[in-house]
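# Remarks on the overall topology
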Amino acid sequence: MEYNFRKIEEHWQSEWKKNEVYKVSNDSPKPKYYVLDMFPYPSGAGLHVGHPLGYIASDIFARYKRLKGYNVLHPMGYDAFGLPAEQYAIEHGIHPAVSTDQNIKNFRAQLDKIGFCFDWSREVRTSDAQYYKWTQWIFLQLFKSFYNRKTQKAESVESLINIFAEEGNINHPIPNSQFVIPNPQFQIRNSQFSPTQWSSFDEFTQQTILMEYRLAYCGYGEVNWCEALGTVLANDEVINGVSERGGYPVVKKKLRQWYLRITEYADRLLEGLEKIEFSDAMKEMQSNWIGKSYGAEIEFEVKSEESGVGSLRVYTTRPDTIFGVDFMVIAPEHELISSFKTKEQKQAVDEYVAYVKSRSDRERQAEKKITGCFTGAYAINPFNEKEIPIWISEYVLAGYGTGAIMAVPCGDERDFKFAKHFNIPITNIIGKHYNGEEANPTKDAVLENSDFLNGIVMRDAIEVANNKIEELGIGKKKVNYRMRDAAFSRQRYWGEPFPIIWNNGIAYPLDEKELPLILPEVEKYGPGPDGEGPLANLKDWAHVSLSSGEGRGEVLRETNTMPGYAGSSWYFLRYMDPHNSETFCDRKVSDYWGQVDLYIGGTEHAVGHLLYSRLWTKALHDLGYIGHDEPYKKLVNQGMIQGSSRFVYKISWHGFFKTDFDVSKLPIILVSKSFRDGFVHNQQEIIQLLDKAISDILIGIGFVPNFVIMDLHVDVNIVDGVELDINEFKKWRNGEYADAKFILEDGKYICGSEVEKMSKSKFNTVNPDDLVTRYGADTFRMYEMFLGPVEQSKPWDTKGIEGVHRFLKKLWRLFYDDLKGKVWNDEKANDAELKVIHKTIKKIEEDTERFSFNTAVSAGMIAVNELGDLKCHKKEVLEKLLIILTPYAPHIAEELWHQLGNTGNILDAAYPKSEERYLIESTKNYPVALNGKTKSELNISLDATQQQVEEIILANETVQKWLEGKQPKRIIFVKNKMINVVT
RNA sequence: GCGGGUGUGGCGAAAUUGGCAGACGCAUCAGACUUAGGAUCUGACGCCGCAAGGUAUGUAGGUUCGACUCCUAUCACCCGCACCA
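Definitions and cut-offs
- Counting of residues starts from 1 at the beginning of each chain's written sequence and follows it residue by residue.
- As they are written, the chains are lettered A onward and the ligands numbered 1 onward, keeping that order.
- Where local features are concerned, this predicted model is filtered to residues with pLDDT of at least 70; where side-chain atom pairs are given and counted, the filter is 80 or more; whole-chain, interface and lining totals use all residues.
- No hydrogens and no water enter the side-chain calculation; it runs on all heavy atoms of the structure.
- Numbering of helices and strands runs from the N terminus; a helix is a DSSP stretch of H or I covering at least four residues, while a strand is a stretch of E covering at least two.
- Buried means the residue's accessible area, taken with a 1.4 Å probe over protein chains only, is under 20% of the maximum for its type, while exposed means over 50%, and partly exposed covers the values in between.
- Here, two residues are considered to be in contact whenever any of their heavy atoms come within 4.5 Å of each other.
- We define a nonpolar core as any set of buried Ala, Val, Leu, Ile, Met, Phe, Trp, Tyr and Cys residues linked to one another through side-chain atoms lying within 4.5 Å.
- Each patch is assembled from residues with relative accessible area greater than 30% and no salt bridge, linking like charges that lie within 9 Å and nonpolar side chains (Val, Leu, Ile, Met, Phe, Trp, Tyr) that lie within 5 Å.
- Here, Shrake-Rupley sampling with a 1.4 Å probe gives the accessible areas, and only protein chains in the shown set may cover a residue.
- What counts as a salt bridge is simple: a side-chain nitrogen of Lys or Arg found within 4 Å of a carboxyl oxygen of Asp or Glu.
- The charge count includes Lys and Arg as positive and Asp and Glu as negative, but it does not include His or the ends of the chains.
- In plain terms, the charge of a residue is placed at NZ if it is Lys, CZ if Arg, CG if Asp and CD if Glu.
- Two strands pair under a simple rule: DSSP has to find at least two bridges between them.
- Directions are taken from the helix axis to each C-beta atom, and the arc is the one they span.

### Some words on the environment of Asp720
Structurally, Asp720 is set in strand β27 (residues 719-720). For the pair Asp720 and Lys799, spaced 79 residues apart in sequence, the C-alpha separation works out to 7.5 Å.

Written as structure tokens, this is what we have:
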């Protein structure tokens, strides 16, 4: 009986399905464990071998935990809204729901073949109305809430209104300090109002103010606008100021957008990092992204050719350097530019601003060239009346701080380069610490040229300067965050509609009873007018007449839709209670499952999804809907599987031909790698061989035209290692190369190779289906793990899968011989065998616990090799081996488990215990080193003391030979490790 | 420009706390079995060297009895980004 993996896997997959063995209950006496994979977008391209890596890891862990006696939740579903489906709809007229559904079917079929233990009865899709009903509902909760800075949590806007009526907003200032209350008739200073003023505001003013507090709010933001496409583009869709698709110009445009007020949660998101198990790198990325900084906002009077142009407020983390300020830089978007600029500089400023407007944020970021423009205006240093020129440059961003900085070239590298480039004189305030060659960002220098700060160490001067600034009333201390509020709307079709209606510029929430607000059908998926989304084209849908409730009358629906991360910010809660029609997730159920215990996914979500879902969790927690305020207890980041591309080398003719010579008549010639390498490196012998080979092929033409050699990607699936399968190649791409001629080496065509991102266009994708068909799911799963540590990126190479497949065949042969049939028996295991199995239990258990799945697979291989050497076919030993391997290779383990006469699912067996008594050793082969270099080995009892070891060592002939009669200075002995003789 | 990560044989890797570098597997080579082998088994396999031995974890230094592991500098590659004052 041989290992028939196809039959076995098919059989058990259908058994598992039939018996619902992976169905999980919300009610169990067992402890719970929640294993989650990052929400996949079902792309039309299907799975390649890189995708299931994380799913296999989580599946192994889920099965392992179940063996360990946990009630394990391991769900899967789809982040089904997304741009690709919409783009496909625009191009092919297919409804995104239709193509998405098709993609999900393919995706599911691919997943099923790998034998995952997902509880599919809990599947969710974000595009299902029964799912997005609750996404809309949570949005409404955010809309109806504000962040109470006093209590440090989200509370209802209703309670805020009560506070305003009683005490105004004196204790609850508007989060955006730049905000100006619109209606001048109320004469509000610093956006602070009293209870009387509050009640005197009209509804529009009140609502406009409340909008400034809501956790989900509507505002205006700049986007990449492409007029020709009539649509908004993401940064990476803009290249050199034009659209990636079509190459049309792209400009900045202000559009009405929804936002989530994530900045109010900045501190809690930062603090929360301390109580969750994310990698240090991940925590660092998140805290850098949040970017909390302590500094000061300082107000500078501005002098331009006209008086009364106002003042400039800058944000700085280094107020101690105030006397080293040689110029100011303001963002090109800064509102005050038009009042600052002088007549003389007007043209230059306008041109510069227009130039920046054409550039994407990404380009502004990556720009090495120093650009900028003088406004003609000067800021006055309040301490010494010095006139400081005000410049504009793209390196200052409008969205951070006040959009203006004070530049200190002796202390900041970027400011220094800017000053040098524009010949701005540099003031030195740190004496010898500044060498004139480069800036020195130190905080430890003693200040000079700094008036009242002279002689103070910079680090201490920060506080002194801050106090002085506050004392003089020219500024105040300020904590700033690099993070900005999260844009929460898209001018697109395929997303959740907002449950919002507009009446006279006021946004009203839809009654919760009216949810879900169904995404309507549209005739075309193209953009609406004036940068609005496709929903704006639906006049009948967008215009509604409401007879009752808030905002009654002739009203307009919100036509933006929610972004991709809306549905994925809370899906882990819906999995707990996926079919509940009363609430998004029953509180009792979320209290049972609580946090996700293990979350596996890529680092690409470091600062997007992982921050947004943490925000939603905190808000839902504050509002009392769930009991925990961090969604994930532990996060493991899987590395990327890169593609390993293969190349063929094609002769490309170029040069002069007689006019009647038809180049296209020349055959396609492909040369093997050595010829190409010799040609590229100009090795004469190889070039001669190549010329000879070509002229043999071109016989009858009489000469060899000039040529170059082109590298072409070839499908990795028709290359065995690096050897091209010529027959398959001739059939490839509909026979494009059917008549090609080949110049071989040793009778083979050798391809070049390179590690690149896995993608269809590079022909380096490998489909898991093919591998499962050839080797089986168990082999595929184990090989994905065997490739290397999950966290690390590594290139895919199909070749190595044979080794893992051989391992499973060897495992099978411990039970069944191809000729003899059953070989397993009920004999009693001996010490050697027990030692092997207990050592392996320990190793695989420890490795699985620390997510070192690659070494666990090796441990399995070693065990099978050793049991093979011992000719051990004993059920007592093999049964244990099956249980510890079942998370990795569930099908073969289940089959053999039953072959051994067991009934019931192997996952319900108990994980075997490794017993130390089988592992105890009495002696060890100690490596003996001379001055740290290992020279030989000595077998010494583990009980030996330092003194005994020294005696043994000194008595040893080999050691005496090295010593050449000298006494060693020291003998270092580390028990159970090594011995080092120092001379 | 900023942030994060990774560099070990021909290849994927291992070395869990500073203690025998290269476990395990691929590829390669040699052999056994066989009518046959793309099955199976045995052995060799970092590099230089016939060997003794030397040398080796991106590069250059340092700490240590001892460094893939810790420190400093530097180079290369990969990923992310909202140029964060």
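Having seen the structure, we can now continue with the description.
### Here's the deal with helix α21 (residues 673-680)
Buried within α21 are the following residues: Phe675, Arg676, Asp677 and Gly678. Along its buried surface, α21 packs onto β24 (641-653), β25 (669-671), α22 (684-697), β26 (707-714) and β29 (741-743). Two residues or fewer after α21 comes Asn682, characterised by a positive phi angle close to 60 degrees.

### Some words on the nonpolar core
With 93 residues, the main nonpolar core has Phe815 and Leu881 as its most contacted residues. With 9 residues, helix α2 (residues 52-67) is the largest single contributor of residues to this core. Core analysis: the second largest hydrophobic core is formed by 70 residues, Trp258, Met483, Trp502 and Leu610 among them.

### Structural notes on a positive patch on the surface
A surface patch of like charges, here positive, comprises Arg806, Lys809, Lys810 and Arg813. Checked against the element boundaries, Arg813 lands in helix α26 (residues 801-813). The exposure class of Arg813 is partly exposed, given its relative accessible area of 39%.

### Side note on the sheet that holds strand β6 (residues 231-233)
In space, the 4 strands of this open sheet follow the order β6-β5-β9-β17, with antiparallel pairing throughout. In this open sheet, the two strands that pair with only one neighbour each are β6 and β17 (486-487). In this sheet, β6 lies alongside strand β5 (residues 216-226) in antiparallel orientation, the contact comprising 3 bridges. Across the sheet, residue Asn224 finds its bridge partner in β6, namely Leu233.

### Observations concerning helix α6 (residues 157-167)
Among the residues making up α6, those that are buried are Val157, Leu160, Ile163 and Phe164. Down the axis of α6, the buried set is contained in an arc of 105 degrees. They therefore lie on one face. Structural note: α6 exposes Glu158 and Glu166 on the side pointing more than 90 degrees away from its buried face.

### A look at the pattern of salt bridges
Proximity of charged atoms lets side chains of opposite charge pair with each other. Across all of its chains, the model carries 49 salt bridges by this definition. Here Arg268 ties to Asp629 by a salt bridge, and the two come within 3.5 Å at their closest N and O atoms. Residue Arg268 is found in helix α9 (residues 266-272), and its partner Asp629 is found in the loop between α20 (609-622) and β23 (635-637); the two are separated by 361 residues along the sequence. Residue Arg268 shares its accessibility class with Asp629, and that shared class is buried. Between Lys303 and Glu387 there is a salt bridge whose closest N-O contact spans 2.5 Å.

### Some words on unusual backbone geometry
The residue after Leu515, namely Pro516, is reached through a cis peptide bond having omega 0 degrees. Relative to the elements of secondary structure, Pro516 occurs in the loop between β19 (506-509) and α16 (539-542). A positive phi is found at Asn734, a non-glycine position, where the angle reads about 55 degrees. Its location among the elements puts Asn734 in helix α23 (residues 726-735).

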